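Per-entry structural report
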Amino acid sequence: PGKGTLDSPVPSCIFTDPELARVGMTVEQAEAAHGTDTDVWRLDLTRNDRARADARDEGSVVIVTAKGRVVGAHVLAPVAGETIHELTLAIQHELKLDEVAEALHVYPTYGGAIGQVATEAAYEKALRLRWLMKRR
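Calculation rules
Residues numbered from 1 in each chain as written. Predicted model: local features only at pLDDT ≥ 70, side-chain atom pairs only at ≥ 80, totals over all residues. Heavy atoms only, no water. Helix = DSSP H or I, 4+ residues; strand = E, 2+ residues; numbered from the N terminus. Buried < 20%, exposed > 50% of the residue type's maximum accessible area, 1.4 Å probe, protein only. Contact = heavy atoms within 4.5 Å. Areas by Shrake-Rupley, 256 points an atom, 1.4 Å probe, with all protein chains shown as cover. Salt bridge = Lys/Arg side-chain N within 4 Å of Asp/Glu carboxyl O. Core = buried A, V, L, I, M, F, W, Y, C linked by side-chain atoms within 4.5 Å.

The helix and strand inventory of the chain stands at 6 helices and 5 strands. Taken from the N to the C terminus, the helices and strands of the chain come in the order β-β-α-β-α-β-β-α-α-α-α. Taken over 136 residues, the chain has a buried fraction of 37%. The long-range share in the chain, meaning contacts at least 24 apart out of those at least 6 apart in sequence, stands at 60%. For the chain, the accessible surface area stands at approximately 8,400 Å², while carbon and sulfur atoms represent 55% of it.

Listed below in structure tokens is the structure:
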């Protein structure tokens with residue numbers, strides 16, 4: 001999908017408390033389209049420092065990938081409507097989740113949860129590939 005095309009992902013948000021935002025594929029849609037190449041990454045807000053500081057830690061960030069590329073996202077958080085845009089851009093530009101991990105996030109913020117998920121996914125990938133490292 002290119003910039004501003006009809007295929008561009010369209011984020012949406014339900015302004016409840018907490019807000020529920022989504023963009024791209026659901027887990028089920030990704031599994032139907034990509035099968036076993038689908039991974040689901042989740043971070044509960046109980047692990048996000050800003051959510052804990054605000055005593056608003058009910059919710060989570062869920063990122064759906066296919067072959068490592070972000071294809072869908074769901075955010076249940078107090079500011080989900082403001083948080084979903086980074087993931088919309090990741091889908092639009094077919095970014096891999098470890099590329100999202102390269103972005104610096106302001107700390108502590110709810111949006112930082114996206115960086116947390118992406119960094120943990122990159123770390124897990126590195127652990128799986130550890131056998132490639134040459135040891136002395």
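Further remarks concern the environment of Asp-57. Among the structural elements, Asp-57 can be located in the loop between α2 (49-53) and β4 (60-66). According to the relative accessible area criterion, Asp-57 is partly exposed, its value standing at 29%. For the pair Asp-57 and Phe-15, spaced 42 residues apart in sequence, the C-alpha separation works out to 17 Å. Residue contacts for Asp-57: discarding those within four places in its chain leaves Leu-45, Thr-46, Ala-51 and Arg-52.

So, on to the pattern of salt bridges. Summed over the entire model, instances satisfying the criterion amount to 6 salt bridges. Two residues, Asp-98 and Lys-125, come together in a salt bridge whose shortest N-O distance is 3.2 Å. With Asp-98 in helix α5 (residues 97-100) and Lys-125 in helix α6 (residues 112-128), the pair connects residues that are 27 residues apart, well separated along the chain. Residue class for Asp-98 comes out partly exposed when judged on its relative accessible area of 26%.

Before going further, it helps to spend a moment on unusual backbone geometry. Comment: phi is negative for the bulk of residues other than glycine, and the bulk of peptide bonds are trans. Going from Asp-17 to Pro-18, the amide bond is cis rather than trans, its omega being 5 degrees. Mapped onto the fold, Pro-18 is located in the loop between β1 (12-14) and β2 (19-24). Here the amide bond leading from Tyr-107 into Pro-108 is cis, since omega sits at -5 degrees, within 30 degrees of zero. Relative to the elements of secondary structure, Pro-108 occurs in the loop between α5 and α6. Of note in the backbone geometry, Ala-55 takes a positive phi value of approximately 55 degrees without being a glycine. Here Ala-55 is to be found in the loop between α2 and β4.

Core analysis: the largest hydrophobic core is formed by 25 residues, its most contacted members being Ile-63, Leu-87 and Leu-97. If we ignore the near neighbours within four places in the chain, the residues touching Leu-87 are Val-23, Ile-63, Val-70, Ala-73, Val-75 and Ile-114.

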